[in-house]
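So you can see what is in the structure, the chains are spelled out below.
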Amino acid sequence: MSNGTDQETSATVGDGDVLKSSTIPAQQQHHHQHHHHHHHIMSTSVEEVDEQLLEVTQSATTVHTTSTNTAANHSQNVQKSYKNLHEFSEEMLETEKAGLVARVYDLERQVLEHKDEIVCLKSTLADVLRRLATIDNSYENSTSGSGRGGTGTPVGAGMAAAGAGSAMGHHTVSDNGSAMNSTVEEKRFGGRVPSRVTSSPSRVKTNLAQKAIHYSNGSLHSDSMSSHSISPAPSPSPRQPNASAIANSHHALLASSGMGKRWSSTGDFISTPGSPSGTGSSGSMSRFSAKSLLNLSGNSSRQGQSHPYVQRKNDDDEYVKLYISGRPIVIHIPEAQLSTYELTKVQPAPNRRLRLDWAYGYRGKDCRSNLYQLPTGEMVYFVAAVVILYNMDEHTQRHYLGHTDDVKSLAVHPNKLLVASGQCGGHEGRESLPHILIWNSVSLATLNMIGCGEFTGAINCISFSRADSGNILAAIDDSPDKIISIWDWQKKEGGRKITETKCSVDTVVAVEFHPLDKGQIITIGKNHIAFWSLDQNGMLYKRMGVFESFEKPKYVTAISFTQTGDVVTGDSSGNLAVWKRGTNVITRFLKKVHEGPVFTICALRNGGFVTGGKDGLLLLFDDALHMKAEQIVEAHFGAVRVVAQGKGSQLLIGTTKNCILSGDFTLSLVPIVMGHTDILWSLATHPQVAQFVTGGRDRLLQLWDSLSHSVVWSKDIGEPIQAVQIGNAGDVIVAGGVGGRWMVFDIVTRELLATYTDGQEVIQCLQFSPDGNLLAIGSKDNCIYIYQCTKVAHRFSKIGKCTGHSSFISHLDWSKDSQILRSNSGDYEILYWNPTLCRQITSQSTVKNLEWATQNCSVSFETIGIWPENFDGTDINSVCKDGEEQFLVCADDFGKIRLFTFPASQPKSLSHSYRGHSSHVTSVQFMHDGVRLLSAGGMDTSVLQWRVV
C-alpha cells in the first residue's frame, strides 16, 4: 500500500500539483527525499520566472517597438490624409472656378443675345416709324398738290424713333417703271410693292449740335448731301425795271431762300467758301454790293462788257472771248441773241433738282470690313463717297451723302442703329480733310464729325467699343506712323480725343475692340498682332503677340472672336490661330486652312465661323473650329474680301472684284451687286429703252438695265475701253479701245461682229449722226475718222479723215440735220466740219446759228456759263443736255455734278451742285426719257443714277 502511495505522491509532485499525503508515516519516511525534491522544484520555478521575465521584457520591448512604429505610421497616414484632403479641396475649388467661369461666360452670352434682340426691336420700330412718316408726308404733299414745294427742315433724329421718322419726312417711294408724276400713296395704298425708296437729299447743314441731317436742300450750287431734292422758291429775275423793284427782289430773295442757298456761281454772289447754308443771311448778303444789284437790273454801262475770264469789248462784237487756262477762245454769238446778249446778266439755276436714284458698284478691291447687315433688313456698304443702305427683299436703296471724298472704312455701333464711316482727304475746304462721320442709319442724321483736321491720312480702320456699349471709337489713319487714336465720340462737337500713339510703321489692316473685356483693343497687320490696354487715365499699353514655335506670317490679315472671348486670327499663309483670352500667346494653330491669305473671319450667331480667302473658298467651322462645309466663289467674281451674316443662314460676300454675292453653303451664290474694278471712262445710253452701257480700263463691257438696276450682261473684250456708243437702232454697241481699234458687238448676244482700226492711238470718242447714216470717231492722234453706216448694222464704210486739230479729240456733236460736225480738242479748240467731204468749215456765219442734236462739247456758246473762274481746261470732263433742252449737266474733276438751265450761255450761270462721286467724273448722259441721268466716276468705278425732280 505504502509503495503504491509513495509512487502516487511522487507522481503527484512530479506533476507539479499541490502536495497531498494520505498518511503521516509516509511523509516522515520520505521527508529527506521530499526536502531534496522540494529544493529542486524551487530552482526550477526561479528559472521559469526568469524566463518569463525575459519573455515579458522581450514582449514589452516588442510592444514598445510596435507602438513606436504604429505611431509613426499613424502620423504618416494623417499627413497623407491631410494632403489628400488638400488636393481634393484644391480640385474642388478648380472645378468650381471653371464652372463659375463657364456660367459667367454663358451669362455674358445671354446678355449679349438679349441686347441684340432689344436692338433689333428698336431698329425695327424706328424703321417702321420712318416708313410711316414717309407715307404720311407724301400723302400730305399729294393732297396739297405741292409734292415738290418747300424745303422744310427735318427735325433732328438721334436715337429717338419719332425723331427718326420726322427726319425722314422727305423720303419718297416710287416705281421705276411709272410716270414721274406718280404719287407714293397711290402705290402704297394701292397695294403695289415699291421698287425703290430713296432718301431725301436736302442737307440741312447746321452745326453738329443741331444734328445736321444729310439730305440735300437743293440750294443753288449747294453741295447736296443726299439723294432727294425739293424745289426752292423761284430764282430772282435777272432784270429789274427800277430801284424799288430791285429792293423788292432783294427782300424776296431773302424771304424765299432764308439765305440757305449758296450763290456760288457768280462772283457777286459767292459766299465765303465752306460757309454753311441755312445758317443765316448776313454772310451771303454781305456780298451783294450796289454794283451787283445794278448788274441784276441790266442798267450797266453799254461801253463794252467783261468778266475776268469772258470778254466782249464792244456791244457790236459778234463774239466773246472765253479764257481757259489763260488761252483766249473766240466763240461767236448766234444772231438771234446778238441784240439782247449781255455778259452781266445772271442766268438762274433751273427750278428742278437732281435726286440720287441708285448707286451702282461696291468698293471691295482695296477695302475691308465694309459690309454689314442691319436689323432693319438693309445691308450697308459703300462706293465712291456714297454709303448705301440696300434692302435686298424690297430692292430699294437709301443713301448717306455726308462725305466729300472716298469712303475708306465703316463700323456699326453695338446698338445696330448708328454707323461710323471714315473718308480720305478731298479737294477743297475743311470738310474735305480726312475725318469720321457718326450718323443714324434710320434717319440719316449726322450726329458728329470726328477728327476733322486731326488726321494726316485716310481713315483706314475704325471700330466702336463693344464691352461698354460703344462709348468710344478707335481709328487708325494712313499716315507714315499709322497713328491709332481713341475718341469719346459723344463729347461736344468734333468729339474728344482721349489719346493717340504710333501703332506700326507697317501696314495695319484692322482694329477691333474686345467684345467682353473693357478697354482691350487688338490691331493686326504686316508682321504683327498687337494687344492694347486702355486704362482709366486714357493711357494705351501695348503687348505684341508672341508666335513662339508657330510660323510667324508676313501679314495677319483677319480677326474675329469666339463667344468665350478668345481671339481668332487668319494670316497671309492661310493659317488660323486662336489666342487665349487675356493673353498674347497662341493656344491653337490650324495650318494651311486656305491656299493663300485669309481675308475675312465672320463669327456666326451659333458660335461657328466662316472664313474666306484669296483662293475663293468659303469654309464653315463649328464653335470648336472643326470644318463642316465649303463653298467656292466663281473666279470671275473675284476672291472673298469680306463675309457678313445676313438673315437666318444667309451670307453676304463682298469680293475683290467689287461684287456682292448672297447665298449659303447649301445653295449657289447669287450676285446682287456688280461693278467695274478699274478706271471707268465711258458711258452711253440706249436711244429707245432704259438701258445703258459702260466700259473701263478693266476691259469689261457691261450692259445695264436702269429699271431693275442690274447687269444684263458683262463681257471682257481683252483690252481697255475708252469710248462706247450704242447705234441709233439700238442693235449694236461700238467700243473704242487702244491702238486705234474699235469693235462692234451685238447688243443682245454680246457677240463680237467686227473689228476696225484707225491710226495707232486710243479712240477717245464716238458719235452717230442723228439720221444714223454716219459715224464719227475721234482719236488721240488729233484726227476724226468718218464712216458711212450700211444696211448691215455692223458693217461700216470709211469716208475719210478730218485733220486740223493740234491736240487729241475730246468731244463730238452733230447738227440736228446731220450735215455738220462740231469738235473740241485737248487744247480747247472748237472746230466745225463737213463730214461728207472731211473738210473744216471756217465761215462762222454758216455754223453759228445751227441747232445741235447733242451737247457733248464743253467749249461752245451754250456752255460759257459752266466755266468757273480759274478753272483749268481739263477740269470739266463731260457735258450733256436732255432731249427737251431744258437742262445742261456738267461733270468735273472734283467729283461734282452740276445742273444748269440750258443753254448756260451767261458767264458764271447759277447751278445746283451735287456730290456722290469721289473721283473725277468722266461722263454724264441723260437717258432717252430725259428724266434720268447717269454719271460715271472714273477712279471710284461707280455709276450713279440720278432723277430729275
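Each chain has its residues counted from 1, running along the sequence as written. It should be noted that, the model being predicted, local features are given only for residues of pLDDT at least 70 and side-chain atom pairs only at 80 or more, the latter also being counted only at that level, while totals for whole chains, interfaces and linings use all residues. No hydrogens and no water enter the side-chain calculation; it runs on all heavy atoms of the structure.

Per an unreviewed UniProt entry, the recorded name for the chain is WD_REPEATS_REGION domain-containing protein, and the organism is Anopheles dirus. UniProt positions are given in the numbering used here, feature names are shortened, and annotations may be inferred rather than shown by experiment. Under the heading Sequence similarities (unreviewed entry), UniProt records this for the chain: "Belongs to the WD repeat EMAP family." A UniProt comment under Subcellular location (unreviewed entry) is attached to the chain, and it reads "Cytoplasm, Cytoskeleton".

Draft legend 1. Fine view of the sheet that holds strand β41 (residues 700–705). Spatial strand order, β39-β40-β41-β42: four strands in an open sheet with antiparallel pairing. Looking at the sheet topology across the chains shown, the edges are occupied by β39 (680–685) and β42 (710–716). Recorded for the sheet is a direction-independent mean angle of 20 degrees between the axes of neighbouring strands. For two strands to be treated as a pair, DSSP must find at least two bridges joining them. Numbering of helices and strands runs from the N terminus, with a helix taken as a DSSP run of H or I at least four residues long and a strand as a DSSP run of E at least two residues long. In the sheet, β41 pairs with β42 via six bridges, with the strands oriented antiparallel. When the bridges of β42 are listed, Trp-704 appears paired with Val-711. Here an angle of 0 to 180 degrees is reported between the N-to-C directions of two axes, which are lines fitted to C-alpha atoms, with helices fitted over the stretch in contact.

Draft legend 2. Geometry of the pairing of strand β49 (residues 784–789). Note on exposure labels: buried denotes an accessible area under 20% of the residue type's maximum, exposed denotes more than 50%, and partly exposed covers the range between, all computed with a 1.4 Å probe on protein chains only. Most of β49 sits inside the fold, with five of its six residues counted as buried. Pairing geometry for strand β48 (residues 774–779) and β49, over five bridges, is antiparallel. Residue Ala-776 lies in a different strand from β49, and its bridge partner there is Ile-786. Count of turn residues in the β48/β49 antiparallel hairpin: four residues, of which Asn-782 carries a positive phi of about 75 degrees. Of the strand pairs in this sheet, β49 and strand β50 (residues 796–802) are connected by six bridges, and their pairing is antiparallel. What sits directly across from Gln-788, in β50, is Ser-797. Counted along the chain from β49 to the antiparallel partner β50, the turn is six residues long.

Draft legend 3. Here's a closer look at the confidence of the model for the chain. A residue's pLDDT is simply how confident the predictor is in it, with values from 0 to 100. Confidence in the prediction of the chain, expressed as mean pLDDT, is 79, and 74% of residues score 70 or more. Residues are treated as being in contact if the distance between any of their heavy atoms lies within 4.5 Å. Between residues 1–31, whose pLDDT stays under 50, and residues either more than four places distant or in other chains, the model counts 13 contacts. For the stretch residues 145–304, pLDDT sits under 50, and the model shows 369 contacts to residues farther than four places along the chain or on other chains.

Draft legend 4. Seen up close, the UniProt feature "repeat: WD" (unreviewed entry) in the chain. Mapped onto the present numbering, the UniProt feature "repeat: WD" (unreviewed entry) falls at residues 673–705, 802–834 and 914–949. Helix makes up 0% of residues 673–705 and strand 58%, whereas the separation of the span's terminal C-alpha atoms amounts to 13 Å. Here residues 802–834 runs as 0% helix and 52% strand, with 9 Å between its end C-alpha atoms.

Draft legend 5. Expanded view of the pattern of salt bridges. Salt bridge, as used here, is a side-chain nitrogen of Lys or Arg placed within 4 Å of a carboxyl oxygen of Asp or Glu. Tallied over the full model, the rule gives 23 salt bridges. Note that Asp-827 and Arg-327 form a salt bridge whose closest N and O atoms lie 3.5 Å from each other. Taken as a pair, Asp-827 in the loop between β52 (821–825) and β53 (830–834) and Arg-327 in strand β9 (residues 327–332) lie far apart in primary sequence, 500 residues in all. Arg-947 is the salt-bridge partner of Asp-357, the closest N and O atoms lying 3.7 Å from each other. Linking Asp-357 in strand β10 (residues 354–360) with Arg-947 in strand β61 (residues 943–948), this pair joins segments that are 590 residues apart in sequence. Its relative accessible area of 4% is what places Arg-947 among the buried residues.

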